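Notes for the structure review
The residues making up each chain are set out below.
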Amino acid sequence: MFGTRVSAFLKLSKRDLKYDFPASIVVFLVALPLCLGIAMASGAPLFAGVLTGVIGGLVVASISNSQLSVSGPAAGLTVIVLGAINQLGAYETFLLAVVIAGIIQLVLGIVKAGMIGNYFPSAVILGMLAAIGITIIMKQIPLAFGMNEPHAFEVENGGGIAAFTDTLLGSVSWGATIICFLSLAVLIFWPSIKGLNKVPAPLVVVLLGVGLGLAFQNTSMALMPAHFVSIPVVSSFQEFTGLFIFPDFTQIGNKEVWIVAFTIAIIASLETLLSIEAVDKLDPFKRVTPTNRELVAQGVGNMTSGFLGGLPMTSVIVRSSANVNAGGRTRQSAMLHGIWLLVALLAIPVLINLIPLACLAAILLHTGYKLAKPALFKQMFRKGLDQFIPFTITVIAIVFTDLLMGVGVGIVVATFYILRANMQNAYKFSIVGEQQEKAVLVLAEEVSFLNKVPIQQKLYSLPKSVNTVLIDGQYSKFIDKDVIEVIRDFEQNALSKGLSIELHDVSYKKHSVKNKTLQKVV
């Protein structure tokens, strides 16, 4: 009975388990090195990264109503986390800031602040996906060739070019290179092999990588220890419990703690909402995630993570897109991936540490290509420059800066095109009559102050043949007062020049807040 109630609450589905189970393994294989790499880059214990992934799978996924999103430690917060730990002076103090950040996110979800994610233009969201794909590819190249950046997995944000150039001149491991290219071949061709394709290609890649890694031992292509996954090995329950770190609540009055908490809460919430929007676009079933509930789930997740010694988390597009590409159907895959992370940490850390990073890099290279494939750029170009330019600028800005900065630049550019289109659609203009003597300007349904300049320019640049002007507002539901002022000023100016002016349903009364009807003014 209890199991049935839990299943009903979580809406678990046995029917979808055949899709979610293999997808969860793929997500686990992608998430494990990401958790470790982000923890290392953040200056936090490696255990904290894996713990955050476990909480993201078990806690956030069970509360969230997103079917495909996968949460975990966020690379976009790496710089903030590293600076905050140094600024606050102790990891325990930082954990208190994470707990408070979770509480803030919980409040944001309760007051329904999640709707802000619905206002991001689709061109910017698609640009973010493509940029993440490009960044993934750039960040994995050093690992694919066994270069000197063994944990360069900060793939959700920018900085990819710097990571690539910094390691470009590093020594190449031919063993890692062979593993990566063979893994890519498996990922590309394995799904088309009938019968065998029932086994997930990424799982085959991992098994192949482990086998080759062992085979290359004692040869000229032997891999170095830095070329393998590295997670903590615990041999007793006491060692396991000793890995947990708890927040220092005595610092609750520390102003810097609250500043860090608000910073993490706002940035983590924005990244989550952006990722959720992107994942919903990738969902083959086009389901829509309740964003307010997602913020609540993220808040509870960050509170739990901070209390147990983990890192701040967000919904992560890299893991989520890997989930989609692997055929995941419901949030069961995210929850199962959390279980696999926990099992790997407790039961098989020695086996996990046999996985070469090169084969995991191949999985991410394949995922990155799917996000940034050339067909997407062609598709956006066919939609027109008003879509292609914001899309392209978003891609470039994210690759050369970071996720939030790039999205901000993309929104500014997209807003420019939205305002430009709004200004151009303020009216319909025509000149009629045998002698082209009558100008007709029909106002649009909504005429805002942004339309003031184009209307003014059109009225004051009429051909000399025009002696009658009709301004028709009968189709308008709203005309801004600034626009009416322009029309009234033009009316006085035109009458002084001997022009005949006709104003149809253009008045203050009609378009006031009360929206009263006014007779035509001729």
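Relevant structure appears above.
The following paragraphs examine the structure supplied in this document. (Residues numbered from 1 in each chain as written. Predicted model: local features only at pLDDT ≥ 70, side-chain atom pairs only at ≥ 80, totals over all residues. Heavy atoms only, no water.)

**Observations regarding the overall build of the chain**
We apply this condition: Segments assigned H or I by DSSP are reported as helices when at least four residues long, segments assigned E as strands when at least two residues long, and all are numbered from the N terminus. Each residue gets one of three labels from its accessible area relative to the maximum for its type: buried under 20%, exposed over 50%, partly exposed in between, using a 1.4 Å probe on protein chains only. Note that accessible areas follow from Shrake-Rupley with a 1.4 Å probe, and for residues the cover is restricted to the protein chains shown.
Looking only at helices and strands, one finds 21 helices and eight strands in the chain. The burial tally for the chain puts 52% of its 522 residues in the buried class. Approximately 23,700 Å² of the chain is accessible, and the part contributed by carbon and sulfur atoms is 65%.

**Remarks on the sheet that holds strand β3 (residues 427-432)**
Whenever strands of a sheet pair, they do so through backbone hydrogen bonds, lying parallel or antiparallel. Defined as follows: At least two DSSP bridges between two strands are required for those strands to pair. Simply put, an axis is a line fit to the C-alpha atoms, just over the touching stretch for a helix, and the angle between two N-to-C directions goes from 0 to 180 degrees. Any two residues having at least one pair of non-hydrogen atoms within 4.5 Å are treated as being in contact.
A sheet is described by the order of its strands in space; here four strands give the open sequence β3-β4-β6-β8, paired in mixed fashion. One side of each edge strand has no neighbouring strand; the edge strands of this open sheet are β3 and β8 (500-504). The mean angle between the axes of side-by-side strands here comes to 15°, regardless of whether they run parallel or antiparallel. Its contacts with the sheet put helix α21 (residues 481-496) on β4 (438-443), β6 (468-472) and β8, and the angle it makes with β8 is roughly 155°.

**Re the packing of aromatic side chains**
Stated precisely, the cut-off is as follows: Each Phe, Tyr or Trp ring (for Trp, its six-membered ring) is paired with any other whose centre lies within 6.5 Å, and the angle between the two planes then decides the class: stacked below 30 degrees, edge-to-face above 60, tilted in between.
All told, the structure shown has twelve aromatic pairs when counted by the stated rule. Judged by centre distance (6.1 Å) and plane angle (65°), the rings of Phe145 and Phe181 are edge-to-face. With a gap of 36 residues between them, Phe145 in the loop between α6 (122-144) and α7 (160-167) and Phe181 in helix α8 (residues 174-189) connect regions that are remote in the sequence. In this structure Phe181 comes out as partly exposed when scored by relative accessible area, which is 48%.

**Some words on the packing of α6 against helix α17 (residues 374-382)**
The condition is simple: Angular relationships are summarised with four words: roughly parallel below 35 degrees, roughly antiparallel beyond 145, roughly perpendicular across 65 to 115, and oblique for the angles in between. Crossings are classed by handedness, with left-handed meaning an anticlockwise turn of the near helix from the far one by less than a right angle and right-handed meaning a clockwise turn. When residues are grouped by polarity, Ala, Val, Leu, Ile, Met, Phe, Trp, Tyr, Cys and Pro land in nonpolar, Asp, Glu, Lys and Arg in charged, and all others, Gly among them, in polar.
Running from N to C, α6 and α17 cross one another at 155°; their axes reach a closest spacing of 11 Å. One way to sum up the angle between α6 and α17 is to call them roughly antiparallel. Two packed elements cross with a definite hand, and for α6 against α17 that hand is left-handed. Facing Ala123, Leu126, Ala130 and Ile134 of α6, the residues of α17 in contact are Leu376, Phe377 and Met380. Split by residue class, the contact of α6 with α17 holds seven nonpolar, no polar and no charged.

**A few points about the packing of α6 against helix α16 (residues 357-371)**
Interhelical geometry of α6 versus α16 gives an angle of 155° and a closest axis separation of 8 Å. When the axis of α6 is compared with that of α16, the two are roughly antiparallel. Where α6 crosses over α16, the handedness of that crossing is left-handed. Within the contact between the two elements, α6 uses Leu129, Ala130, Ile132, Gly133, Ile136, Ile137, Gln140, Leu143 and Ala144 and α16 uses Leu357, Ala358, Ala361, Leu364, Leu365, Gly368, Tyr369 and Leu371. Tallied by class, the residues present in the contact of α6 with α16 amount to 14 nonpolar, three polar and no charged.

**Considerations on the pairing of β4**
Where β3 and β4 come together, six bridges link them in antiparallel fashion. Among the inter-strand pairings, Ser430 is bridged to a residue of β4, identified as Val440. Connecting the antiparallel pair β3 and β4 is a turn made up of five residues, with Gly433 showing a positive phi of about 100°. The sheet contact formed by β4 and β6 spans five bridges and is parallel. Residue Val442 lies in a different strand from β6, and its bridge partner there is Asp472.

**Notes on unusual backbone geometry**
Phi is positive for Asn218, which is not a glycine, with a value near 65°. Looking at the element boundaries, Asn218 is found in the loop between α9 (201-215) and α10 (237-241). One non-glycine residue, Lys286, adopts positive backbone phi at about 55°.

**Structural notes on the state of the cysteines**
Under the convention used in this document: Two cysteine sulfurs form a disulfide in these notes if their separation is within 2.5 Å.
Under the defined criterion, the tally for this structure stands at zero disulfides. Not part of a disulfide, Cys359 finds its nearest cysteine sulfur in Cys180, a span of 8.9 Å.

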